[in-house]
Structures are given as C-alpha cells and as structure tokens.
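A structural walkthrough
Take a look at the letters that make up each chain.
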Amino acid sequence: MSVDPSEVSTERPELKRAISGFGFFALAFGSMIGVGWITALGGWFEQAGPVGAIVAFAAGGTLMLIIGLCYAEVTPMLPVTGGEVAYAYKAYGTSKAFIIGWFLAFGYLSVSAFEAISVGLVLSFLFPQIDVFPLYEIAGSTVYASHLLLALIFTGFITAINYFGVGIAARVQIGLTALFVLCAALFVVAGITSGDVGNLVPYFGDSSLGSGGFAGMLAVFVTVPFWYVGFDTIPQAAEERRENSPLHRLGLYVILAIIGSTAFYIAIILGAGMAAPWRSIVGEELPTAAAFSAAFESRLLVNLVLVAGLIGLLTSWNGFFLAGSRVLFSLGRGRIIHESFGQTHPQFGTPAKAVLFSGLVTFLSACLGRGAIIAFVDVGSFCIALAFLGVALSLIQLRKKFPHMERPYRMPGGNILAYIAAAGSLFILAVMLIPVSPSVLVWPLEWAILGVLSATGLGFWIAARRYRQRVSEEDRARLILEDYA
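Counting of residues starts from 1 at the beginning of each chain's written sequence and follows it residue by residue. At least 70 in pLDDT is required for a residue's local features to be given in this predicted model, at least 80 for side-chain atom pairs to be given and counted, and no such filter applies to totals for whole chains, interfaces and linings, which use all residues. Water and hydrogen atoms play no part in the side-chain values, which are based on all heavy atoms of the structure.

Further remarks concern the environment of Glu243. In this structure, Glu243 sits in the loop between helix H10 (233-236) and helix H11 (250-275). For the pair Glu243 and Gly191, spaced 52 residues apart in sequence, the C-alpha to C-alpha distance is 43 Å. Put simply, DSSP H or I for four residues or longer makes a helix, DSSP E for two residues or longer makes a strand, and each gets a number counted from the N terminus.

Spelled out as structure tokens, the structure:
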C-alpha cells in the first residue's frame, strides 16, 4: 500500500551549530594524522624504503591537494551535513548519492575500526601484561579478551562524546590535537638531529624484504587515501559551524590540513628512518617506537612516541567517527535509507541513532583483531577513493549543470584539476581491483569485507525503498540540501 507524500512529515531535523574555525582545522588535521605512522611504518619501509616512502607520500599529498581543491570549491557552495552525499545528489540524483554515501560512511568506519584495534596494540607496548585471555585467531593473530575490552571502553568513550554534543567533540579534538603536535615535534626533532642519514640506506627498499623500487612506492601510494583521509571530515560537519564562522574559510581549512599532514608524514618517516637502521625495525609491531628505542635507549622518549600515538589515535578516531555518523545521518534525513538515521536528539542536537549505529559497527569490526588491520586499511582506501572519484565527477557535473550557483571559492584551472583528481582516484581503484596488480585486494579477507559491505548496502537500499517513496523529490532535495536546493 503506497503512502500519500502529503501525509508524511518532512520537517528538516537540524544539528546544533557549535564548531569554530580552529575546530574545523583540528577536526581535519587530527583525523589525518591518526596512529598509522606508529603501526604501519614498518610496512612502508618494507615495501618502498624510507626515501621511497617519502616519495610515495609526497606524490599522494599532491594528489590529495588536487582533490582537496575540489572540496574547497564544493564545500562552501553546499555547506550541508553529509558533504559528498549532497554533492552527488545535486549532480546525479538519489541512487548515486547513496552509493557514494554508503561507501564513504564505511570508509570512515573502517578507520574507526582500525583505531579500535590499534588501541590494544599501543597500550600492550606500554603495558605488555595486558595481553591476557586469548579467545581465537584471525589471519594468524590472536584476539585477546583484554584487547576487546579496551576496544569496547574506548569505543564507548568516542560514542559518548559524539552522542552528548558536537561542541564537546570539537573541544576534545582541539585539545588533543595541540597536545599531539607538541609531543610529535619533540621526538621528530630528536630523531633528525641525533640520527644518521646512513640509516636510510637502501633508500628505495630491499628486494629481499619487500617489493622495493617503483612497485614498492606504488604499493604505498595506493594506500594514501586511507592515511590522508580526514580533510574531508570538514564537509561532513559544515552545517554545524558556528554562526560567526566564515563560510569561505572552510576550503582554506581543507588545504591547510592536507599541507600540514603531508609535512607531518614526511617528518615522521625521516625522523624514524634516521634514528635507527630501518631494516632492523621492519618486523616490529610498533616500528616507530622500536626505532627510537634502538637509537636512544630511553624509555621516556619511547613512551613519548607511544603517548603521541595514543593521542593521534583518539583525534583520528573522534574525527572519523563524527564524519561517518554525519554521512549516515544525511542519508537518513534525505529518506535514502531508513529515516531513523536522520533523527536528531531533542536535547543534544546530535544524530543520536547514527552515532549509536557507528559505535556498534566499530566494536563489531574490532572483534576481527589485529589480523584484519591491514585489511581495513586496504578496503577503507578503496571506499574512500571511490568517494573521492564521486566528488571530482560531481564538481564537473555541477559546473556544467549549475554554472551560476554561488561559489565562495572557485578552484583554479577550470575542470582540468577536477579531471586529474578523478583520474588519480580511478587509478587507485583500478590497481586495487586488477588481478595482476601488485596492490590488488587480498583474498579472502579483504574481498570478504568488501563483499559484506556491498551486500549490506544493497540490503539497506532495498529495505528503505518504501521510505524513499514516502517523500517527493522536491522534499528530498530540501531535506538534503536545505536552502541550496
């Protein structure tokens, strides 16, 4: 039985506006730095060597900057929650908005799962005695009950601060990001000033350890969307900016966050690579900490690295959790998926149900343990690269269909940079799908995660069919785009 759209309430749920300008920068930069530099550095060295990894991150940062310029134009043009969902909807319609939004949301939540798993890794390096009560093994790694308990506690903390108010989440992000920069500066400077350039040899990897050379740099480069993602958290929360926060500066925060994180990643690789011979730390679970431990034999400095890693973990986790819940909220508010995801808390003004769902998905994913940590990196990179492709194509389409829309910032170079951004994103997707590629998704775990994600998305799309039919496209446009429809 069909429902008359005129009988359905289409009042637009509103989110509380509480994020300042510096709050947006901290949200983006804090999300981008994360904890990958402390858990995955060994893999970067193994695949490409220190200089090869620097080249891969510099090239990745350049591509992200081009993609970021696309965001810098569309974000102040359509400053509504959900970012990419709104851009794709305005450019291509409901189905494309769902595809981009669904994969983006779970690209974010894959980062959230990565952090939930990593918290046990970091803390077990500080306190080895917590590795107790083994439960099962996945991909050759033991999952401990104690690690799951830590994942539950920290997931609960992140969920709570996002449930009780975006103002709380923003203030936590600012404080943690400032503390992280201070800690990181101390040990990076120590590594570079007291280290030895000779420790970087062989510069482009060792074929006996990993792929090395161009293949190794390519393997690191294709994971760049995962390590750099975070600047796009700004569009997800654009609607929650304070009234006195200038709209045109949103794009500036995006660009500054990309430049800052590129400098950070290069400095970390250089500092850890110079601190100790890189081949000696490749097999370590936390290679960055191992490098400084071997170089300085100072537990205080090692603990400083680990504390910075824990802070970066929390800033990244908080940012991506916030962003993922906002994408789901946008899909729900637009009645693209179940409308309950688009409801706000009457007191706190947060997308309460989307936040709780994100917390549940994060914890369940963390149950896969450290054996799945690389799988989350790769699948997350695929999902995020797909969203980046969607943004670049949406920008091109919006320029074509709506040339007279108000644009507080216009990307230089016409559509050329947008096409480069689209081509770069498509290249990353291709090398992760083509069987002969050295960076193809690994069978069975990574394909299984991507398959479950795709099947779940299809299920959500089919199950929400009647909710999509309950509102007219005119109302849906207003629900998603506010006054920018």
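Next comes the rest of the write-up.
Before going further, it helps to examine the packing of helix H4 (residues 84-92) against helix H19 (residues 473-481). The angle between two axes is taken between their N-to-C directions and runs from 0 to 180 degrees, where each axis is a line fitted to C-alpha atoms and a helix contributes only its stretch in contact. The geometry of H4 relative to H19 is characterised by a closest axis approach of 10 Å and an angle of 145 degrees between their N-to-C directions. Once H4 is placed against H19, the crossing between them reads as left-handed. In contact with Ala86, Tyr89 and Lys90 of H4, H19 contributes Glu473, Arg476, Ala477, Ile480 and Leu481. Basically, the charged four are Asp, Glu, Lys and Arg, the nonpolar ten are Ala, Val, Leu, Ile, Met, Phe, Trp, Tyr, Cys and Pro, and anything else, Gly included, counts as polar. Of the residues assigned to the contact of H4 with H19, the class counts are 5 nonpolar, no polar and 3 charged. Take the far helix as the reference: if the near one is turned anticlockwise from it by less than a right angle, the crossing is left-handed, and if turned clockwise, right-handed. Only heavy atoms matter for contacts: two residues are in contact if any of them lie within 4.5 Å across the pair.

Moving on: the packing of aromatic side chains. For Phe, Tyr and Trp, rings pair up if their centres lie within 6.5 Å, where Trp contributes its six-membered ring, and each pair is then called stacked (planes under 30 degrees apart), edge-to-face (over 60) or tilted (otherwise). With the rule as written, the count across this model stands at 31 aromatic pairs. Centroid distance Trp44 to Trp227: 5.3 Å. Interplanar angle 75 degrees. Geometry classified as edge-to-face. With Trp44 in helix H3 (residues 41-77) and Trp227 in helix H9 (residues 224-228), this pair connects stretches of sequence that are 183 residues apart. Per residue, the accessibility class of Trp44 equals that of Trp227, and both read buried. Taken together, a centroid distance of 5.1 Å and an interplanar angle of 85 degrees make the contact between Phe164 and Phe348 edge-to-face. Of this pair, Phe164 sits in the loop between helix H6 (145-163) and helix H7 (166-194) while Phe348 sits in the loop between helix H13 (299-333) and helix H14 (352-366), placing them 184 residues apart in sequence. An aromatic cluster is built from Trp37, Trp44, Phe57, Phe114, Phe180, Phe187, Trp227, Tyr228, Phe264, Tyr265 and Phe292, whose rings are joined through pairwise contacts. Two limits define a charge over a ring: the Lys NZ or Arg CZ must be within 6 Å of the ring centre, and within 35 degrees of the ring normal. We note Lys90 situated over the ring of Phe402; from NZ or CZ to the ring centre the distance is 4.4 Å. In this structure, Arg468 packs its charged tip against the face of Trp461, placed 3.5 Å from the ring centre. Buried residues are those whose accessible area, probed at 1.4 Å on protein chains only, stays under 20% of the maximum for their type, while exposed residues exceed 50% and partly exposed ones sit between those limits.

Looking now at the packing of H3 against helix H16 (residues 416-433). Across the interface, H3 lies against H16 with an axial gap of 9 Å and an inter-helix angle of 125 degrees. What the angle tells us is that H3 and H16 run oblique. Considering only the axes of H3 and H16, their crossing is left-handed. On H16, the residues that touch Leu63, Ile66, Ile67, Leu69 and Cys70 of H3 are Leu417, Ala418, Ile420, Ala421, Gly424, Ser425 and Ile428. Split by residue class, the contact of H3 with H16 holds 10 nonpolar, 2 polar and no charged. The scheme is simple: roughly parallel for angles under 35 degrees, roughly antiparallel for over 145, roughly perpendicular for 65 to 115, oblique for anything else.

This part is about the pattern of salt bridges. We define a salt bridge as a contact between a side-chain nitrogen of Lys or Arg and a carboxyl oxygen of Asp or Glu at a distance within 4 Å. Scanning all chains against the criterion turns up 12 salt bridges. Glu243 is the salt-bridge partner of Arg17, the closest N and O atoms lying 3.6 Å from each other. Separated by 226 residues along the polypeptide, Arg17 in the segment before helix H1 (21-33) and Glu243 in the loop between H10 and H11 bring together distant segments of the chain. Residue classification places Arg17 among the partly exposed positions, given a relative accessible area of 31%. A residue is classified by how much of its surface remains accessible, and Glu243, at 67% relative accessible area, is exposed. Of the charged contacts in the structure, one is a salt bridge between Glu73 and Arg399, with a shortest N-O distance of 2.6 Å. One end of the pair, Glu73, is in helix H3; the other, Arg399, is in helix H15 (residues 373-401), and 326 residues separate them in sequence. One continuous salt-bridge network, built from bridges that share partners, spans Arg12, Glu14, Glu239 and Arg333.

Think of it this way: DSSP has to see at least two bridges between two strands before they count as a pair. The pairing of strand E1 (residues 134-138) with strand E2 (residues 141-144) spans 4 bridges and is classified as antiparallel. Looking at E2, one finds that Tyr136 is bridged to Val143. If you look at the hairpin formed by E1 and E2, you'll find 2 residues sitting between the two strands, and Ala139 has a positive phi there, around 55 degrees.

Note on placement: Ile192 falls in helix H7. The class of Ile192 is partly exposed, set by a relative accessible area of 33%. In this structure, the C-alpha to C-alpha distance between Ile192 and Ile259, residues 67 residues apart in sequence, is 20 Å. When sequence neighbours within four positions are dropped, the list of residues in contact with Ile192 reads Ala267, Leu270, Gly271 and Met274.

Shape descriptors only; they carry no functional weight alone.
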